[in-house]
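Architecture at a glance
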Amino acid sequence: MHDKNRVVYTTCRYCESCCGLAVEVDVEANRVLRIKADKENPGSWRDICNKGLTANEVVEHPRRLRWPMKRVGERYVRVSYEEAVEGVASDLRRVMDAHGPDAIASYIGNPIGFGSDVVFSLGLIDGIGTRNRYSASSLDQNNQHVVSEALFGYTFVPFCPDVDGCDYLVLVGGNPAISRFGWLGSATDGWRRMLGRQKEGATIVVVDPRRTRSAEDADRHLAIEPGTDWAFLLGLLTVIFREDLEDAEAVAELPADHVARLRGLTNAVDLHALSSRTGIPVAAVEEVARGYAKAQGAMCLTMTGVSQNDTGTLGQWLSTVLDIVTGHFDRPGGRRWDSGFVNMTDFASRSLSEDGVSRVRGQRTVMGCRSVCELPDEIDTPGEGQVRALILQAGNPVVAGPNGAALDRSLASLECLVAIDLVQRESHRHAHWLIPVPHWLERSELPFNLANAQDQSFLQYANRAVEPPSDVRPEWEFCTDVALAMGVPMLGRRGFNTAIRTSRWLAKALGRPGIAITPALLERVSLTVTKRASYKSIKEAPHGVAHGEKRFGQLAEFRKGAPILIAPQELCRALEQKLAEPPGRGEAFPFLMTGGRSLHLMNSWLTELPNVQKREQENHCEIHPDDANALGIANGDRVRVRSEIGAIELSAEVSDRIRRGIVCIPHGWGSRVFSPANGADPIVHGVNRNLLVDHRVVDPLSGTPKLNSTRVAVERIA
Ligand SMILES: Nc1nc2c(c(=O)[nH]1)N[C@H]1C(S)=C(S)[C@@H](COP(=O)(O)OP(=O)(O)OC[C@H]3O[C@@H](n4cnc5c(=O)[nH]c(N)nc54)[C@H](O)[C@@H]3O)O[C@H]1N2
Ligand SMILES: Nc1nc2c(c(=O)[nH]1)N[C@H]1C(S)=C(S)[C@@H](COP(=O)(O)OP(=O)(O)OC[C@H]3O[C@@H](n4cnc5c(=O)[nH]c(N)nc54)[C@H](O)[C@@H]3O)O[C@H]1N2
Ligand code: SF4
Ligand SMILES: [Mo]
């Protein structure tokens, strides 16, 4: 290596695997030359993916925001950082003074969840004091939070799959061969390790409407009707109770009235009726129930395929119930909870309080946030608390969320839209302010909030590899500066702004940047308080620090043995209601549309990158050969897919991976990327399939939209 080059060890921050990277940097040119897997990082290098290895393409994105911009008429003009802070603060202040704090909403997307920048984003929102907070969680994990709150009394309880001890895995609605188990509890390199277990005799059952990569690897694939996971899981529970396959000791620890309610529910079940809903034969349900219940280490893992339905909460609940009554929960080979380096379960439940029901729909909040499905109504409906301004940070809900057309119309009517992002995408089309941010390769941070969501507690200090463009400031700094300029108390605490100002002044005067209130200080203090590892030891370990032995039963310890309220009335009633609803699909829209992830995308970003375009240019509509024949559709034909609320056109991919009567269209595609600096035409690849998903149809318990089982019709375009 040339000596002006150096290697920076850091971690990828696209997904929870946090793979270790060795980034070769040309220091003088401040450029990433090459990204390789860090083979000295114990966990991740065997399973690293192309997204991490090509992350520099985002850093060097030709349309990247390189300085703050302000909308003037139809154009954007460059402004200084200071002008942006003052301008944003005064626009927000004006809205707040005229209409109150609820008139300002915030949406926080996925990518900001890795470091502690997010604390400062929330700090600004707390300062404003708005109840209109939205986040991407309402698109994926809210129903697990609802279940955790009801059963355990804590909202944020990530479970890690203990793949190394697992003898029987029932994987429902997940495709970890592609997604890397990256959902509310991950296992770095987990699918490869699980396949290792399989070679030693473990059984893998994948329940998925599509024969995915994970399904191909499995011992058994059960092609389920989308949106009926609750019925499949209820079937498993029924067999377990009827055949006395439960773990007597585990059940004895549960409140008797709850167990009686559960048994009451399963007593009434007709397995054949469930099977006609799910399309999975009774014999298969019985076989899986027996194998899973009798296995030493086992888990029933439900992921986004289950949660992104209007019955997602029921599905998440029943899978948790199954693990608990079979005695697999928080035991070797099952799903376990880890208090991690910093106990985020404790922290989140203290800091994110529930905030009543929403103004228009009367929907409850989850983890202090409203469902993004409600945002258009909250913007469009006049009255006190109507949303008139939005801070949109690290998200693209017009494409990632349902019915982007409705949201787009609403966003156009805002008095002030502040977009904080790397690039101007679809959701930022109507932005009044475009605020640039550093990419994670340009940020040093400690992703400690993920360390207790990994099956092997592991923490690595993520070093900055290159410097951000000169006009790009950290987003925590922007949020703090806006709060100071607006005169709203950061974190909603009076006096905190003075503490920030004083700490900044002292840091400068004493030449000790470490004492200013920054994410780094927060990370250091958190680790000092929890005493699980020293900040210094972590910072100095270039390839990360593994944290002790895996321990089981930590959740019971943390909850001090409080009983698990396994069968809450509200969930039991919702299940009974679901059972009473007749199955069926309707004539006008005879297909169900499901989705799934693309290996090379991260939700709705990355489509336009050269390395992605080299591999995958757009999304397709996957349809079974028999269905295609009946509709006169050949592979590659253009088709129109319609739902009750919209239509999209794309090309067909005829494939027997998908069941008859179902089409699969991956999400994340179809987000325009604008070029605000020079007004060049937007670029776009693929289509946004979420335009077909109704934002008014949600899981009533969690506010999650029905992203995975929308009724559609398909026709060939002449
Ligand atoms: N490559 C890549 N990896 C990612 C991401 C990414 O965008 N790209 N995103 C990350 C994020 S944010 C998350 S939350 C995780 C999610 O991780 P996963 O939940 O594993 O996500 P998917 O790979 O989409 O798998 C969902 C599966 O559910 C199936 N499915 C659809 N509808 C139904 C249904 O009704 N019932 C059942 N049983 N199955 C159904 C789909 O066919 C698909 O195979 O992945 C993370 N990892
Ligand atoms: N049909 C369907 N829809 C889905 C899903 C599905 O499975 N099926 N999955 C859902 C899931 S699981 C999720 S989590 C949501 C995601 O929903 P969102 O988080 O709203 O959307 P993303 O597509 O992840 O967009 C992230 C945005 O953050 C920007 N960004 C990247 N890094 C940074 C950063 O460091 N700071 C800032 N400020 N911005 C940054 C990117 O440029 C991009 O514009 O999508 C959901 N949508
Ligand atoms: S996106 Fe790929 S490289 Fe990055 S953490 Fe996830 S699996 Fe690892
Ligand atoms: Mo997600």
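Everything that follows concerns the structure shown earlier in this document.
The following refers to the structure shown. (Residues numbered from 1 in each chain as written. Chains lettered and ligands numbered in written order. Predicted model: local features only at pLDDT ≥ 70, side-chain atom pairs only at ≥ 80, totals over all residues. Heavy atoms only, no water.)

1. Here we look at the pairing of strand β19 (residues 591-594)
- On β19, burial covers both faces: Phe-591 and Met-593 on one face and Leu-592 and Thr-594 on the other are all buried.
- One ladder, built from three bridges, connects β19 with strand β26 (residues 710-716); its direction is antiparallel. Directly across from Phe-591, in β26, lies its bridge partner Val-712.
- Relative to strand β23 (residues 662-664), β19 is paired through three bridges, and the arrangement is parallel. Each residue of the ladder has a partner; that of Leu-592, found in β23, is Ile-662. (Buried < 20%, exposed > 50% of the residue type's maximum accessible area, 1.4 Å probe, protein only. Helix = DSSP H or I, 4+ residues; strand = E, 2+ residues; numbered from the N terminus. Pairing = 2+ DSSP bridges.)

2. Describing the pattern of salt bridges
- Applying the stated rule across the entire model yields 53 salt bridges.
- When the shortest N-O distance is used, the salt bridge between Asp-126 and Arg-133 registers 2.7 Å.
- Taking the relative accessible area as the measure of exposure, Asp-126 reaches 26% and is therefore partly exposed.
- Judged by relative accessible area, which is 16%, Arg-133 ranks as buried.
- As a salt-bridge pair, Arg-504 and Asp-481 come within 2.7 Å of each other at their nearest N and O atoms. One end of the pair, Arg-504, is in helix α22 (residues 496-510); the other, Asp-481, is in helix α21 (residues 475-486), with 23 residues separating them in the sequence.
- Assessed through its relative accessible area of 28%, Arg-504 is described here as partly exposed.
- Each member of the salt-bridge network shares a partner with another, and the members are Asp-162, Asp-164, Arg-193, Asp-455 and Lys-550. (Salt bridge = Lys/Arg side-chain N within 4 Å of Asp/Glu carboxyl O.)

3. Side note on the site of ligand 1
- Around ligand 1, the structure places 34 residues, and the nearest of them are Ser-179, Asp-208, Asp-229, Thr-304 and Leu-601.
- In this structure, a nitrogen atom belonging to ligand 1 sits 3.2 Å away from a main-chain N or O atom of Ser-598.
- Leu-601 is positioned such that a nitrogen or oxygen atom in its backbone is 2.7 Å from a nitrogen atom of ligand 1.
- Elements with a minimum of two residues in the shell around ligand 1: α6 (176-179) and α14 (304-307).
- Across the shell around ligand 1, the residue classes break down as eleven nonpolar, 17 polar and six charged.
- In this structure, the shell around ligand 1 is formed jointly by two domains, domain 2 (159-336) and domain 3 (582-716), each of which donates at least three residues. (Near = heavy atom within 4 Å. Polar contact = N/O pair within 3.5 Å; in protein donor to acceptor, adjacent residues only side chain to side chain. Nonpolar A, V, L, I, M, F, W, Y, C, P; charged D, E, K, R; others polar. Domains from an automatic or database assignment.)

From the geometry alone we can't say anything about function, so treat these as descriptive.
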